[in-house]
2 protein chains.
Amino acid sequence: MVVEQVKGVKVAGQDISVSSTSGSKPVSKDSIINLDHGDPTMFESFWRTMGGQGTVVIPGWQTMSYFSDVTNVCWFLEPDFALQIRRLHNLVGNAVADDRHIIVGTGSTQLFQAALYALSPSDATEPMSVVSAVPYYSSYSAVTDYLRSGLFKWAGDASAFTGDSYIEIICSPNNPDGYIKHPVLNSKKGKMVHDLAYYWPQYTAITGPADNDIMLFTVSKSTGHAGTRLGWALVKDREVAKRMTKFIELNTIGVSKDSQVRAAQILKVVSDGYELPVTDPAARLFDYGRRILGYRWERLREVAKTTGMFSLPEYESDHCNFIGQQTSANPAFAWLKCERDGIEDCENYLKSYKILTRSGKHFGVEAKYVRVSMLDRDETFDLFIERLSSLK
Amino acid sequence: MVVEQVKGVKVAGQDISVSSTSGSKPVSKDSIINLDHGDPTMFESFWRTMGGQGTVVIPGWQTMSYFSDVTNVCWFLEPDFALQIRRLHNLVGNAVADDRHIIVGTGSTQLFQAALYALSPSDATEPMSVVSAVPYYSSYSAVTDYLRSGLFKWAGDASAFTGDSYIEIICSPNNPDGYIKHPVLNSKKGKMVHDLAYYWPQYTAITGPADNDIMLFTVSKSTGHAGTRLGWALVKDREVAKRMTKFIELNTIGVSKDSQVRAAQILKVVSDGYELPVTDPAARLFDYGRRILGYRWERLREVAKTTGMFSLPEYESDHCNFIGQQTSANPAFAWLKCERDGIEDCENYLKSYKILTRSGKHFGVEAKYVRVSMLDRDETFDLFIERLSSLK
């Protein structure tokens, strides 16, 4: 019966499976709880509180041209958006953004592909190997391989890789397990891409400004605006920045100006919340995020302890320069390991109780693990905790 | 001296070359006139006239989720946008949109790639051949080949193609030459993609609703909003629609909701201009477009005649069902052929007079031809006509 209701458009080996419950709230105690995706709807309530401040107004005649700023390497980047990106990084202290090229993308997924394109020689006889240490974000492999490119190919776990020419993806804090990650390979010929989507104060301690060659960020996880499909890369090298821009030219001839105009306003409100003198503490996005996520993690750890059915990663606390105190991590995903004897496939087990999660096998590890989104709306998370507590 | 000023980021064989003058107005009589791109800034003045009607307001908490409508094959398509697309096609009569799947894309460029992905078998040993009759849109080859995909590859002029397994792109009215085009190949195993970006009443007579398997449209050319990066495909077959959706999932996890919300409003205003009873004739986009373009084409033909330096295509007039009368075509691009003896490279010749155009060689034909955008702002077009008239 459950199976009938859980109709997904699952495609083997690919990342996203959309089901009839994706993005919606559970309508009853008995509803399917969909925590498969990292849909950041938790942040909706913050933006409702902010009222008109987050609103954007775009007249019909604005931003009609393909071009935003032809003096910039990334000619389709709206200057106001670039300004607010640099302002926010300077405020938070999570990345060096001054004197770096900013490349805007249709989400960080497009920027990930732009980085692979930029770092792979166009005249190579063999495709470049793309690797990441397990457990790695399930999307990396699918997105690298879906077009069977001659430029790059997925080569799996970085720790098991033996060559000296590669692109290593470092996701830190890591999706799915929330740990701070460092490169595991160390060849002079190797290239690196740092996916820093979750390096924001609501999720982890900001221990210093990251200063890597290519760093990826996205509004999805920083402010919760997944639907705007907007990310940015901070890039040191001008030639790499030009190649990434070229990829986005060829892929989509630039990036929605409407999303950029909106995101500029959204980032401005976030920075204003900390920088303007008369600000209400409720107007502070990262404080809001930490409070909600901290409470959710507490409740989840409590259920883990009382039921003994599953375990969770432990994170060491660290000094966060942004909040000025010691803090522990509250990752955007919970990385659950089923501890009950006889349960080898945790995703299927939870599915039988109408809880949709993503199996460890998509992340390069055992099916005893599942990834669970911590970013859904309150109603969904509450029901998740209630249902988990009731499992026998 | 001219060369110094005309610094482009030209990449051989690729479509877009951004120069310091892209998207901007000429500042003096002596300025560079950039008509290389099809930047549709001509429509800005229409949308200014429409004032607040074209304005969109998006509150901070709206459309934050990845998901728009999970009951739809294209789960990231905003229902309001879909509604306005169908309404506009029904009004104009240029395509069958009811009972067709609508796939939204980040411009029709992304949808073009989605169509190639959908129509190419994922298990084939050889990549599928992609062809189009010369002169073909310069972007098709670059966009097909930039990732060196194992699924599809550019195979050039459809008329010269000999196999029976292929994807033929039919652009009608054609970019660059403005003619109505039909498939040139006819194999049962062949697939077709119809690029109908210019099949709108400002450019050509609407002789009936197109009803092809895959039809591509874009707001860039229909309403002039290139910066929103939004296109749509009308697709007959459900499985093809699902594969196209999957491509966009993997490529960008959906399409900007902000752009969709804005475009829904823009399309609504266009339809309202014809369907609401009290409408000002100045509020009719297609009439505005036809009037401006008709006048521009008259002036360009006049210069061709008086100078004898170049020729232009002639178009037969046809009955337009939408305007209810006989009309001639006013294409978005002029396809100039240099007729002066000794000039083999028309792009270079015009560049020496600071007029930037796109050479015929990018479209698979001789360098005697160039493509010139007819969609720029009045100031730019006026200066273009003035400078052309003065050439010796």
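Residues numbered from 1 in each chain as written. Chains lettered and ligands numbered in written order. Predicted model: local features only at pLDDT ≥ 70, side-chain atom pairs only at ≥ 80, totals over all residues. Heavy atoms only, no water.

Draft legend 1. Up close: the overall build of chain A. For chain A, the helix and strand inventory stands at 11 helices and 16 strands. Counting only C-alpha atoms, chain A reaches 60 × 60 × 40 Å along its principal axes. When burial is assessed residue by residue, chain A has 63% of its 392 residues classed as buried. Intrachain contacts of chain A at a sequence separation of at least 6 include 71% that bridge at least 24 residues. (Helix = DSSP H or I, 4+ residues; strand = E, 2+ residues; numbered from the N terminus. Buried < 20%, exposed > 50% of the residue type's maximum accessible area, 1.4 Å probe, protein only. Contact = heavy atoms within 4.5 Å.)

Draft legend 2. Looking closely at the nonpolar core. Ranked by internal contacts, the top residues of the largest apolar core, which has 246 residues, are Met244 of chain A together with Met244 of chain B. When near neighbours in sequence (up to four residues on either side) are disregarded, Met244 of chain A contacts Ile103, Leu111, Ala114, Ala115, Ala118, Ile214, Ala233 and Val235 of chain A. (Core = buried A, V, L, I, M, F, W, Y, C linked by side-chain atoms within 4.5 Å.)

Draft legend 3. Representation of the pairing of strand E4 (residues 128–132) of chain B in the model. All names here are of chain B. Of all five residues that make up E4, five are buried, and the element is covered over most of its length. Residues Met128, Val130 and Ser132 line one face of E4 and the alternating positions Ser129 and Val131 line the opposite face, and both faces are buried. Relative to strand E5 (residues 152–157), E4 runs parallel, the two sharing five bridges. Counted as the bridge partner of Met128 is Phe152 from E5. Relative to strand E6 (residues 166–171), E4 runs parallel, the two sharing three bridges. (Pairing = 2+ DSSP bridges.)

Draft legend 4. Seen up close, helix H11 (residues 378–390) of chain A. Residue and element names in this part refer to chain A. Along its 13 residues, H11 runs 18 Å from first to last C-alpha, staying within 8% of the 18 Å computed at 1.5 Å per residue. Along H11, the residues that are buried comprise Thr380, Phe381, Leu383, Phe384, Ile385, Arg387 and Leu388. Taken together, the buried residues of H11 touch strand E1 (33–34), helix H9 (285–307), strand E10 (310–311), helix H10 (346–351), strand E14 (355–356) and strand E16 (369–373). (Expected span 1.5 Å × (residues − 1).)

Draft legend 5. Examining the packing of helix H9 (residues 285–307) of chain B against helix H11 (residues 378–390) of chain B more closely. All names here are of chain B. The N-to-C vectors of H9 and H11 enclose an angle of 10°; their axes lie 9 Å apart at closest approach. As the angle between them shows, H9 and H11 are arranged roughly parallel. Contacts between H9 and H11 involve Ile292, Arg296, Arg299, Leu300, Val303 and Thr307 from the former and Asp378, Phe381, Asp382, Phe384, Ile385, Leu388 and Ser389 from the latter. Among the residues making up the contact of H9 with H11, the classes are represented as seven nonpolar, two polar and four charged. (Axes fitted to C-alpha atoms, helices over the stretch in contact; angles between N-to-C directions. Parallel < 35°, antiparallel > 145°, perpendicular 65-115°, else oblique. Nonpolar A, V, L, I, M, F, W, Y, C, P; charged D, E, K, R; others polar.)

Draft legend 6. How the structure looks around the interface of chain A and chain B. Tallying the contact residues gives 78 residues for chain A and 78 residues for chain B. Remark: the boundary between chain A and chain B carries two salt bridges. Taking the shortest distance from any N to any O, the salt bridge between Asp258 of chain B and Arg262 of chain A comes out at 2.7 Å. Connecting chain A to chain B are 50 residue pairs in polar contact (both at pLDDT 80 or more). Counting only elements with at least two residues in the side of chain A that touches chain B, the list comes to helix H2 (44–49), strand E2 (56–58), helix H4 (107–119), helix H5 (138–145), helix H6 (219–222), helix H7 (238–252) and helix H8 (257–275) of chain A. Among the elements that line the side of chain A that touches chain B, the one with the most residues is H7 of chain A, at seven residues. For the side of chain A that touches chain B, the per-class residue count stands at 32 nonpolar, 33 polar and 13 charged. (Salt bridge = Lys/Arg side-chain N within 4 Å of Asp/Glu carboxyl O. Polar contact = N/O pair within 3.5 Å; in protein donor to acceptor, adjacent residues only side chain to side chain.)

Draft legend 7. The arrangement of the packing of H8 of chain A against helix H8 (residues 257–275) of chain B in detail. Orientation of H8 of chain A relative to H8 of chain B, taken along the N-to-C sense of each, is 115°, at an axis distance of 7 Å. It follows that H8 of chain A is roughly perpendicular to H8 of chain B by the angle criterion. Taken as a pair, H8 of chain A and H8 of chain B cross one another with a handedness that is right-handed. Contacts between H8 of chain A and H8 of chain B involve Asp258, Ser259 and Arg262 of chain A from the former and Asp258, Ser259 and Arg262 of chain B from the latter. Considering only residue class, the contact of H8 of chain A with H8 of chain B consists of no nonpolar, two polar and four charged. (Left-handed = near helix turned anticlockwise from the far one by under 90°.)

Draft legend 8. A look at the relation of the copies chain A and chain B. Turning chain A through 180° and shifting it by 0.0 Å along the axis lays it on chain B, with an RMSD of 0.0 Å. One copy is carried onto the other by what is essentially a two-fold rotation axis. Both copies present the same face, since 100% of the interface residues in chain A are matched by interface residues at the equivalent positions in chain B. (Least-squares fit on C-alpha atoms with pLDDT ≥ 70 in both.)

Draft legend 9. Molecular detail of the state of the cysteines. All names here are of chain A. A full pass over the atoms with the stated rule returns two disulfides over all chains. Sulfur-sulfur distance for the disulfide between Cys338 and Cys346 comes to 2.5 Å. Measuring handedness by torsion sign, the sulfur bridge of Cys338 and Cys346 sits at about 55° and is right-handed. Each member of the pair, Cys338 as well as Cys346, carries the same accessibility label: buried. (Disulfide = S-S within 2.5 Å.)

Draft legend 10. Inspection of the sheet that holds strand E6 (residues 166–171) of chain A at higher detail. Residues and elements named next belong to chain A. Pairing in this open sheet of seven strands is mixed, and the strands run E3-E9-E8-E7-E6-E4-E5 from one edge to the other. Two strands in the sheet have a free side with no partner beyond their single neighbour: strand E3 (101–105) and strand E5 (152–157). Taken over all neighbouring pairs, the strand axes of this sheet differ in orientation by 25° on average, direction set aside. Bridge count between strand E7 (residues 191–195) and strand E8 (residues 214–218): two bridges; the pairing is parallel. Bridge pairing in E8 links His194 to Met215. Packed on one face of the sheet, H5 meets strand E4 (128–132), E5, E6 and E7 and runs near 155° to E5.

Draft legend 11. Geometry of the packing of aromatic side chains. Residue and element names in this part refer to chain A. In total, this model carries 56 aromatic pairs over all chains according to the counting rule given. Taken together, the ring pairs connect Phe81, Trp200, Phe217, Trp232, Tyr274, Phe286 and Phe322 into an aromatic cluster. Between the NZ or CZ atom of Arg371 and the centre of the ring of Phe333, over which it lies, the distance is 3.7 Å. (Phe/Tyr/Trp six-rings, centres within 6.5 Å; stacked < 30°, edge-to-face > 60°. Lys NZ or Arg CZ within 6 Å of the ring centre and 35° of its normal.)

Draft legend 12. Representation of unusual backbone geometry. A cis amide bond links Asn175 of chain A with the next residue in sequence, Pro176 of chain A, at an omega value of 25°. Structurally, the position occupied by Pro176 of chain A is in the loop between E6 and E7. In this model, Asp99 of chain A sits at a positive phi of 60°, which is unusual for a non-glycine residue. Structurally, the position occupied by Asp99 of chain A is in the loop between helix H3 (79–92) and E3. Positive phi values are uncommon outside glycine, yet Thr63 of chain B reaches one of about 45°. Position of Thr63 of chain B among the secondary structure elements: in the loop between strand E2 (56–58) and helix H3 (79–92).

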